[in-house]
Amino acid sequence: MPVFIAPPLEMSVEQRAALEVMARSESAPFRQVRQARGLLLAADGTPNQAIARRVGVKADTVRAWRKRFLEDGVEGVGVIRPGRGRQPVIGQEVVEQIVSDTLHTRPADGSTHWSTRTMAARHGVGKDTVARIWKARGLQPWRTETFKLSNDPLFEEKLVDVVGLYMNPPERAVVLCVDEKSQIQALERSQKSLPLKPGRAGTMTHDYKRHGTTTLFAALNTATGEVITDCRPRHRHQEFLGFLRLVERNVPAELDVHLVIDNYAAHKHPNVTRWLEHPRRGNRWHVHYTPTSASWLNLVERWFRELTQKRLRRDSFTSVGQLIGAINTWTDHWNQDPKPFIWHKTAQEIIKKVQRGRATLHHPTKTATYH
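Every value quoted in this text rests on a predicted model; they were computed, and no experiment measured them. (Residues numbered from 1 in each chain as written. Predicted model: local features only at pLDDT ≥ 70, side-chain atom pairs only at ≥ 80, totals over all residues. Heavy atoms only, no water.)

Draft legend 1. Looking closely at the nonpolar core. Ranked by internal contacts, the top residues of the largest apolar core, which has 36 residues, are Leu159, Leu216, Trp303 and Ile327. Going through the elements one at a time, α8 (155-167), β1 (173-189), β2 (208-221), β3 (227-232), α11 (300-312), α12 (320-336) and α13 (347-361) are the ones with two or more residues in this core. With 6 residues, α8 is the largest single contributor of residues to this core. Those residues within four positions of Ile327 in sequence are excluded, and the remaining contacts are Ile184, Leu216, Cys231, Leu307 and Leu312. Residues Leu9, Met11, Leu39 and Leu41 belong to the second largest nonpolar core, which totals 21 residues. (Core = buried A, V, L, I, M, F, W, Y, C linked by side-chain atoms within 4.5 Å. Buried < 20%, exposed > 50% of the residue type's maximum accessible area, 1.4 Å probe, protein only. Helix = DSSP H or I, 4+ residues; strand = E, 2+ residues; numbered from the N terminus. Contact = heavy atoms within 4.5 Å.)

Draft legend 2. Structural detail: the pattern of salt bridges. With the rule as written, the count across this model stands at 14 salt bridges. Across the pair Lys310 and Glu306 runs a salt bridge whose closest N-O atoms are separated by 2.8 Å. Of this pair, Lys310 and Glu306 both sit in helix α11, 4 residues apart, which is roughly one turn of that helix. Accessibility expressed as a relative area gives 58% for Lys310, which makes it exposed. Judged by its relative accessible area of 10%, Glu306 is buried. Three or more residues are tied together by salt bridges with common partners; here these are Arg16, Glu20 and Asp44. (Salt bridge = Lys/Arg side-chain N within 4 Å of Asp/Glu carboxyl O.)

Draft legend 3. A look at the sheet that holds β3. Strand order in the open sheet formed by 5 strands is β3-β2-β1-β4-β5, with mixed pairing between adjacent strands. Both outer strands of the open sheet, β3 and β5 (285-289), are each paired with one neighbouring strand and no more. Going from strand to strand, the sheet's axes swing by 25° on average, the running direction of each strand aside. Bridge count between β1 and strand β4 (residues 256-261): 5 bridges; the pairing is parallel. Looking at the pairing, Leu176 lines up with Leu259 of β4. (Pairing = 2+ DSSP bridges. Axes fitted to C-alpha atoms, helices over the stretch in contact; angles between N-to-C directions.)

Draft legend 4. Looking closely at α13. Counted at 1.5 Å a residue, the expected span for α13 with its 15 residues is 21 Å, and the 21 Å between its end C-alpha atoms agrees. Buried residues of α13: Ala347, Ile350, Ile351 and Val354, and no others. Along the long axis of α13, the arc covered by the buried residues comes to 100°, so they all point the same way. Facing away from the buried surface of α13 by more than 90 degrees, the exposed residues are Lys352, Lys353, Arg356 and Thr360. For α13, the secondary structure elements touched by its buried residues are α8. (Expected span 1.5 Å × (residues − 1). Arc of directions from axis to C-beta.)

Draft legend 5. Representation of the pairing of β1 within the structure. The pairing of β1 with β2 spans 11 bridges and is classified as antiparallel. Bridge assignment links Cys177 to a residue of β2, and that residue is Leu220.

Draft legend 6. Molecular detail of the side chain of Asn298. Along the chain, the position of Asn298 falls in the loop between β5 and α11. Within the local environment of Asn298, its side chain forms a polar contact with the backbone oxygen of Val178, the two atoms lying 3.2 Å apart. (Polar contact = N/O pair within 3.5 Å; in protein donor to acceptor, adjacent residues only side chain to side chain.)

Draft legend 7. Examining the packing of aromatic side chains more closely. Under the criterion given, the structure shown has 9 aromatic pairs. Arranged with centres 6.3 Å apart and planes meeting at 40°, the rings of Trp134 and Trp142 form a pair that is tilted. Ring geometry for Trp334 and Phe341: centres 6.0 Å apart, planes at 25°, overall stacked. For Trp334, a relative accessible area of 11% translates into the label buried. Note on Phe341: relative accessible area 17%, which makes it buried. A connected cluster of aromatic rings, assembled from ring pairs, spans Trp303, Phe304, Trp330, Trp334 and Phe341. One cation-aromatic arrangement involves Lys268 over Tyr289; the distance from NZ or CZ to the ring centre is 4.7 Å. (Phe/Tyr/Trp six-rings, centres within 6.5 Å; stacked < 30°, edge-to-face > 60°. Lys NZ or Arg CZ within 6 Å of the ring centre and 35° of its normal.)

Draft legend 8. View of the packing of helix α5 (residues 92-104) against helix α7 (residues 127-137). Relative to each other, α5 and α7 sit at 75°, their axes nearing to 11 Å. Relative to α7, the element α5 is oriented roughly perpendicular. Across from Gln92, Val95, Glu96, Ile98, Val99 and Thr102 in α5, the residues of α7 making contact are Ile133, Trp134 and Arg137. The residue inventory of the contact of α5 with α7, partitioned by class, reads 5 nonpolar, 2 polar and 2 charged. (Parallel < 35°, antiparallel > 145°, perpendicular 65-115°, else oblique. Nonpolar A, V, L, I, M, F, W, Y, C, P; charged D, E, K, R; others polar.)

Dropping the structure here:
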């Protein structure tokens, strides 16, 4: 009995080139790569049985590939038709319940959040199923971020004032963001760090010896990025007043001074207020207070972050003097090539975001914290 051999699969030069790219791909789905290889063999005249053996499928599958290619061309290679393929093993109602429980409940043991295993045990599904549902919905219950909404009754007024200084600074004036970074510890690590090498991050010991603390006062020029700093043992109003005198000596006399500071008690001490309002400087110095719980509005905090991450956090200091020397050296290098921090958000954009946050915070719907 004669054996029927299917004729070579007809395809254009462009189609063959596209299939060759698919067949060589290392990132395309395996289903698509295997089907492309089978179709190329069919175009060369290889029998369906031989193609099936070489790519690891049944001959009927090869016949289906050929038929699909004649109907849909290259666009149908590796694509599962609607309604075909593996069907979901759990219902949509279970998926929605998993999402709801993730957002609005806690485990019975009092844990603060669900894990894939505890959620899977609750609903009788696999942990990988829970992981896929969370990924599809953008849920990450293991992560948390800090936030604080300001309750300052003059929040919007102060916000508009400070952001206005950043985005439209006054002429013949310098805008200085001033604050102190208190309790910077001189920590001496118990052992030297292991050197960085391929496959291993830098290291430092978890234990240390304390050698005292210092407080860093800093004034950031928003226009140039230059910083005036001074380290002092404490952060009372006396030290703050001394730092303001240092700032006054470093700012040209012909320029007005606009200070952006927070509501710390030392900044509002009567002695500080009298100094700022003295007739010799009352018309020159202008104070702009940030709203309470809004330290993110003070740009010098961004500079403190640079100092902490790039100089302080990973090093070891045997004395407060060594710590102060490291801060001063790093600051001197910064001021040789200062980089100002550019403010982009308008006051109205920030106000709208805060309003959304307040609405969410006071929404009556149950949350994972209030339940």
